[in-house]
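# Observations on the model geometry
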Amino acid sequence: MEMLATLAPLILMFVLFYFLLIRPQQKRQKAVTQMQTDLRKGDKIVTIGGLHGFVDAIDEDKIVIKCGDGSRLTYDRQAIREVTESASGDMLSK
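Residues numbered from 1 in each chain as written. Predicted model: local features only at pLDDT ≥ 70, side-chain atom pairs only at ≥ 80, totals over all residues. Heavy atoms only, no water.

### Describing the sheet that holds strand S3 (residues 62-66)
The five strands are arranged S4-S3-S2-S1-S5 in an open sheet whose pairing can be described as antiparallel. Pairing within the sheet leaves two strands with one partner each, and these edge strands are strand S4 (72-76) and strand S5 (80-85). Strand-to-strand twist of the sheet, defined as the mean angle between neighbouring strand axes without regard to direction, takes the value 45°. Here strand S1 (residues 44-47) runs beside S5; their pairing, made up of four bridges, is antiparallel. Residue pairing in the sheet places valine 46 in a bridge with glutamate 82 of S5. (Pairing = 2+ DSSP bridges. Helix = DSSP H or I, 4+ residues; strand = E, 2+ residues; numbered from the N terminus. Axes fitted to C-alpha atoms, helices over the stretch in contact; angles between N-to-C directions.)

See below:
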């Protein structure tokens, strides 16, 4: 009984860390992975470096982004931070 009383605060701390830190991070990572998987040509996107543009072409792990001046840049799919407007014109929340 005394050992359980000694371990209870440690177990409680682990449970709190899991629900407050680990689980929300896993949900965010899953949402980002899903967003990067669902990219379509014509989506308005922002990269992790802050580049704004439109998806011009998609490969398995690469993406071609058309910038405002008409230049086309190739990025890894993982470099996409968010989709600000889908190809159908819907505004997406952050």
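After presenting the structure, the write-up continues.
### Describing the pairing of S3
Residue alternation in S3 divides its side chains into a buried set, Ile63 and Ile65, and an unburied set, Lys62, Val64 and Lys66. Counting the residues in the hairpin turn of strand S2 (residues 52-58) and S3 gives three residues. Sheet topology places S3 next to S4; five bridges connect them, and they run antiparallel. Its bridge partner being in S4, lysine 66 is matched across the sheet by arginine 72. Once S3 ends, the chain turns through five residues before running back antiparallel as S4, passing glycine 70 with a positive phi of about 95°. (Buried < 20%, exposed > 50% of the residue type's maximum accessible area, 1.4 Å probe, protein only.)

### Notes on the nonpolar core
Residues Met35, Leu39, Ile45, Val55, Ile63, Ile65, Ile80 and Val83 constitute the largest nonpolar core, which totals eight residues. For this core, the secondary structure elements donating two or more residues are S3 and S5. Among all residues touching isoleucine 80, those that are not within four sequence positions of it are Met35, Gln36, Leu39, Ile45, Val46, Thr47, Ile63 and Ile65. (Core = buried A, V, L, I, M, F, W, Y, C linked by side-chain atoms within 4.5 Å. Contact = heavy atoms within 4.5 Å.)

### Describing the environment of leucine 7
Relative to the assigned elements, leucine 7 resides in helix H1 (residues 2-37). Exposure remark for leucine 7: the relative accessible area of 36% places this residue in the partly exposed category. Here the alpha-carbon distance between leucine 7 and lysine 44, two residues 37 residues apart in the chain, equals 51 Å.

### Thoughts on the pairing of S2
As paired elements, S1 and S2 share three bridges and run antiparallel to each other. Looking at S2, one finds that lysine 44 is bridged to phenylalanine 54. Linking S1 to S2, which pair antiparallel, is a turn of four residues; within it glycine 50 sits at a positive phi near 95°.

### Re the side chain of aspartate 43
Residue position: aspartate 43 is located in the loop between H1 and S1. No salt bridge is formed by the buried aspartate 43. Its closest oppositely charged neighbour is arginine 40, at 4.2 Å. For aspartate 43, the side chain forms a polar contact with the main-chain nitrogen of arginine 40, separated by 2.9 Å. (Lys, Arg positive; Asp, Glu negative; His and termini not counted. Salt bridge = Lys/Arg side-chain N within 4 Å of Asp/Glu carboxyl O. Polar contact = N/O pair within 3.5 Å; in protein donor to acceptor, adjacent residues only side chain to side chain.)

### Notes on the pattern of salt bridges
Side chains carrying opposite charge are able to pair once their charged atoms draw close together. For the structure shown, the criterion picks out three salt bridges. Lysine 62 is paired through a salt bridge with aspartate 76; the nearest N and O atoms lie 2.8 Å apart. Of this pair, lysine 62 sits in strand S3 while aspartate 76 sits in strand S4, and the two are 14 residues apart along the sequence. By relative accessible area, which is 38% here, aspartate 76 ends up partly exposed. Residue glutamate 82 pairs with arginine 81 through a salt bridge whose shortest N-O separation is 3.6 Å. We classify arginine 81 as partly exposed; its relative accessible area is 43%.

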